[in-house]
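# An overview of the molecular structure
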Amino acid sequence: MNTTIFTLTLRQISSQKRIRLAAIAAILAPIVIALIYRAGDVGNPVDWTANTLLASLMITLVVPLACLLVGESAMGTEVEDGTAVYILSKPVPRIEVVMAKAAAAILLTAVVLLPVMIVAPVLSLDGADGEGIVLGFFVAAALGICAYTMLFVLLSIATSRPLIIGIGYVFIWEGLLGNLFTGTRYLSIRQYCLGVADGIATAPERYFEAELGGAVSLILILGVIALATLLATRSLSRFELRGED
Amino acid sequence: MTKKAGSAGAAPIVVDGVSRWYGNVVAVNDVSFTIGPGITALLGPNGAGKTTLLHTIAGFLQASKGAVRILGEPAFGNPAIYGRIGLVPEREAVYSFLTGYEFVLIAARLHRLPDPEEATQRAIRATGMEEFQKRKTGGYSKGMKQRIKVAAGIVHDPAVLLLDEPFNGTDPAQRLQMMELFRKMALQGKCIVVSSHILEEVERLADDIVVIVAGRLAATGDFRAIRRLMTDRPYSFTVRSSDNRGLAVALLADTSVFGAELKGDRLTVQTSLFSEFVRAAPRVARDTGITLRELVPVDESLESVFSYLVAHSSQSRGRG
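None of these values were measured; they are calculated from a predicted model.

Definitions and cut-offs
The numbering scheme is per chain: residues are counted from 1 as the chain's sequence reads. Chain A is the first chain written and ligand 1 is the first ligand written, with later ones labelled in order. Reporting in this predicted model follows two pLDDT cut-offs: at least 70 for local features of residues, and 80 or more for side-chain atom pairs to be given and counted; totals over whole chains, interfaces and linings ignore these cut-offs and use all residues. Elements are defined by DSSP. Helices are runs of H or I of four residues or more, strands are runs of E of two residues or more, and each kind is numbered from the N terminus. In this description the radius of gyration comes from C-alpha coordinates, and the expected globular size is given by 2.2 Å times residues to the power 0.38. Counting other C-beta atoms within 10 Å of its own, a residue is labelled buried from 20 upward, exposed at 12 or fewer, and partly exposed in the gap between, with every C-beta atom placed from the backbone. A pair of strands is labelled paired if DSSP reports no fewer than 2 bridges between them. Lines fitted to the C-alpha atoms define the axes, with helices restricted to the stretch that makes contact. Angles between their N-to-C directions range from 0 to 180 degrees. For the purpose of contact definition, each residue receives a C-beta atom placed from its backbone, and two residues are in contact when these atoms lie within 7 Å. What counts as a domain boundary in this text is fixed by an automatic or database domain assignment. Here a helix's expected span is defined as the number of its residues, less one, multiplied by 1.5 Å. The arc under discussion is defined with respect to the helix axis, by the directions toward the C-beta atoms. Note that Gly is not counted as nonpolar here; it falls among the polar residues with everything else outside the nonpolar set of Ala, Val, Leu, Ile, Met, Phe, Trp, Tyr, Cys and Pro and the charged set of Asp, Glu, Lys and Arg. What sets the label is the angle itself: under 35 degrees gives roughly parallel, over 145 gives roughly antiparallel, 65 to 115 gives roughly perpendicular, and the rest give oblique. Here is the rule for handedness: rotate from the far helix to the near one, and if that takes an anticlockwise turn smaller than a right angle the crossing is left-handed, while a clockwise turn gives right-handed. In this usage, the nonpolar core is the set of buried Ala, Val, Leu, Ile, Met, Phe, Trp, Tyr and Cys residues whose C-beta atoms join them within 7 Å.

### Thoughts on the overall build of chain A
When its secondary structure is counted, chain A shows 9 helices and 0 strands. Listing each helix as α and each strand as β along chain A from the N terminus yields α-α-α-α-α-α-α-α-α. A compact globule built from 245 residues would reach a C-alpha radius of gyration of about 18 Å, and chain A, at 19 Å, matches this within 12%. If one aligns the C-alpha atoms of chain A with their principal axes, the spans along those axes are about 60 × 35 × 30 Å. Counting every position in chain A, which comprises 245 residues, the buried fraction comes to 49%.

This is the structure we're talking about:
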């Protein structure tokens, strides 16, 4: 692990105002929504917490968007404004650069989101037995953060439009097409996360059920992380800097 | 130095038939030259392909055709080479949240120097940035940014230093100090390449010159020889007078003039000797009783100097 690039990236990400604002929103929104649900107290709390709060809000929306924003700040901004040259013109193996950049992005995202993955569901369950969904979604979110971040770091290196492509992937591929065609579930980080959560949780099917099995999901999500790391490294080894002339 | 035996005799930078295009746009077109130790200026108008060429040499662009060797190795996809190369990019962006000291220290650490703090202090001293090292680079002036970028580029004492327009935004005092630094490094046998679009900026600095115009190599070699080529080139003047036709005839009799063209109320005169013509023209006008109203050199821009060099060098290479 290259600690110089790691700490530089931590500072680089956290020095941005938009990141700090997004972090506050990512913490407050789920907690406020959980509290509103608790005040209203409609339906089954396990059902609502698993499907609405954790699956629909956190795994589908908050986790990918946070990873997109932070992953892009870790690598994309630097590639775009040319400062990447200061790191790349050094005798540092490219895999070290990718790992250090991604590790910093993952750490910051996890520090903000993982506590929310516990606090928000505990609030909405309001003492009811969650039957393993809190732990299940916690592990799913941790893996999801790794997978989405690696994917967006890869997009930041390999494409010139990481934000647009990232948003397109999350909303169109995983969102729209995921609802229309079942085949896309095998190529969807969201479905892997839900599969992992379901595999760990003991909650009965009538409350929460994922489309993919737990073991398959775990293998697929680890595969995505490994593949994205490999491709990002390869892409960075052949990285070209665009000049102004 | 174990590497020395292997690369003995070969120039630190060898550019061999390099072309680089982006889609349909050719940025660098079949360029070949070598750069030896000492200071070399890479000169050309803006947009000529200097940055593309420097990035290709530095391994940040892949040549579409041809090959580049730096210290005997290709740089593209070879990050280990950066232990012996320093690159100072043109773009102004630095990590604005870092102080100047931190910025250079990070470079020293990434080079895995045995004593990064000491190397950082040395590089900051060499660029005269001691006074500003504790300030955030985001608040630096252009000249300070240039100098802190140079400090980061030389922190590992590289054998080859590539600088893209390092004098942009610097004041004359800073420029002199930087030139002094480059000269010192050149005396130690380093290979230093400085790109610029301003001839005067580098003519007192560089021993050798590589001129790039519109992606092509226009001239390469000893700076003085090329400077002579530039001063020997023909100059054009536009002349306005009370009798252009009469003046043209009279001027053509003068030895310094070899061409004259009448177009409307404007007379264009070609001469090979700038100062002699400037002295001769009023005298000729007076002798013939013509009133000289205006005498303006038409092509004093650097671009015209460069295009003359292109035409000249392609003629001498028999390309036409």
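### Structural notes on the sheet that holds strand β2 (residues 25-35) of chain B
Two modes of strand pairing occur in sheets, parallel and antiparallel, and in both the strands are linked by backbone hydrogen bonds. Residues and elements named next belong to chain B. In spatial order, the strands read β2-β1-β4; together these 3 strands make up an open sheet with antiparallel pairing. Of all strands in the sheet, those bounded by a partner on one side alone are β2 and β4 (65-70). Taken over all neighbouring pairs, the strand axes of this sheet differ in orientation by 20° on average, direction set aside. Bridge analysis of strand β1 (residues 13-22) against β4 gives 5 bridges, and the strand direction is antiparallel. Looking across to β4, one finds that D16 is bridged to A67.

### Side note on the sheet that holds strand β5 (residues 85-88) of chain B
All names here are of chain B. With mixed pairing, 6 strands are arranged side by side in an open sheet as β5-β6-β7-β3-β8-β9. On the outer flanks of this sheet lie β5 and β9 (216-222), each paired with one strand and no other. Here the average twist between neighbouring strands, direction ignored, is 15°. Pairing geometry for β5 and strand β6 (residues 160-164), over 4 bridges, is parallel. When the bridges of β6 are listed, I85 appears paired with V160. Along the sheet face, helix α2 (residues 50-57) touches β3 (38-43), β6, β7 (191-196) and β8 (208-213) and points at about 155° away from the line of β6. Most of the contacts of helix α6 (residues 172-187) go to β7, to which it runs at about 145°, and overall it touches β3, β6 and β7.

### Let's talk about the environment of B:V269
Residue and element names in this part refer to chain B. Relative to the assigned elements, V269 resides in strand β12 (residues 266-271). Note: C-alpha distance between V269 and V257 (12 residues apart in sequence) is 7.2 Å. What V269 contacts, discounting residues up to four positions off in sequence, is F237, V239, L251, V257 and A260.

### Some thoughts on the domain arrangement of chain B
When the parts of a complex come together, some accessible area is lost, and that lost area is often taken as the interface size. We note that the domain assignment places domain 1 (3-221) and domain 2 (232-316) within chain B. Computed over C-alpha atoms, the centres of domain 1 of chain B and domain 2 of chain B are 41 Å apart.

### Considering helix α3 (residues 100-110) of chain B
Within α3(B), 10 of the 11 residues are buried, leaving the element largely enclosed by the surrounding structure. Here the buried face of α3(B) lies against α1 (3-14) and α4 (84-88) of chain A together with α4 (116-126) and α5 (142-154) of chain B. Directly after α3(B), the chain includes B:R112, whose backbone phi takes a positive value near 55°.

### Examining α1(A)
Every α-helix carries 3.6 residues per turn, so stepping three or four residues along brings you back to the same face. Taking 1.5 Å of rise per residue, the 12 residues of α1(A) would be expected to cover 16 Å, and the 16 Å separating its terminal C-alpha atoms lies within 8% of that figure. If you check which residues of α1(A) are buried, you get A:T4, A:I5, A:L8, A:T9, A:Q12 and A:I13. Taken end-on, α1(A) shows its buried residues confined to a sector of 150°, consistent with a single buried face. Among the structural elements, α2 (17-40), α3 (45-81), α4 and α5 (94-125) of chain A together with α3 of chain B are those in contact with the buried residues of α1(A).

### Section: the interface of chain A and chain B
Of the residues lining the interface, 24 residues belong to chain A; the matching set on chain B comes to 31 residues. Counting residues per element, the ones that place at least two in the side of chain A that touches chain B are α1 and α4 of chain A. No other element matches α1(A), which puts 4 residues into the side of chain A that touches chain B. The residue makeup of the side of chain A that touches chain B, split by class, is 8 nonpolar, 8 polar and 8 charged.

### With respect to the packing of helix α6 (residues 133-158) of chain A against helix α9 (residues 214-237) of chain A
Residue and element names in this part refer to chain A. Packing of α6 against α9 leaves a shortest axis separation of 9 Å and a crossing angle of 25°. By the criterion of interaxial angle, the relationship of α6 to α9 is roughly parallel. In terms of crossing hand, the pair formed by α6 and α9 is left-handed. In this structure, α6 contributes L143, C146, A147, M150, L151, V153, L154, I157 and A158 to the contact, and α9 contributes I221, V224, I225, A228, T229, L231, A232, S235 and L236.

### Regarding the packing of α5(A) against α6(A)
Residue and element names in this part refer to chain A. At a minimum axis distance of 9 Å, the contact between α5 and α6 shows a crossing angle of 155°. Here α5 lies roughly antiparallel to α6, going by the angle between them. Seen from above, α5 lies across α6 with right-handed handedness. In the contact of α5 with α6, the residues fall into 21 nonpolar, 2 polar and 1 charged.

### Some thoughts on the pairing of strand β10 (residues 235-241) of chain B
Residues and elements named next belong to chain B. What you see with β10 is a clean split: Y235, F237, V239 and S241 sit on the buried side and S236, T238 and R240 on the side with no burial. Relative to β12, β10 is paired through 5 bridges, and the arrangement is antiparallel. In the strand pairing of β12, V239 is matched with L267. As defined by bridge partners, β10 adjoins strand β13 (residues 292-297) across 5 bridges and the pair is classed as antiparallel. By the bridge assignment for β13, V239 is matched with L295.

### Topic: the nonpolar core
The biggest cluster of nonpolar side chains holds 164 residues, and the ones touching the most others in it are A:V153, B:V104, B:L162 and B:V194. Among the elements that make up this core, the one with the highest residue count is α3(A) (18 residues). In contact with A:V153, other than residues within four places in its own chain, are A:G71, A:A74, A:M75, A:V98, A:K101, A:A102, A:A105 and A:A232. Formed by 12 residues, the second largest nonpolar core is a distinct cluster that contains B:F237, B:A260, B:F277 and B:A281.

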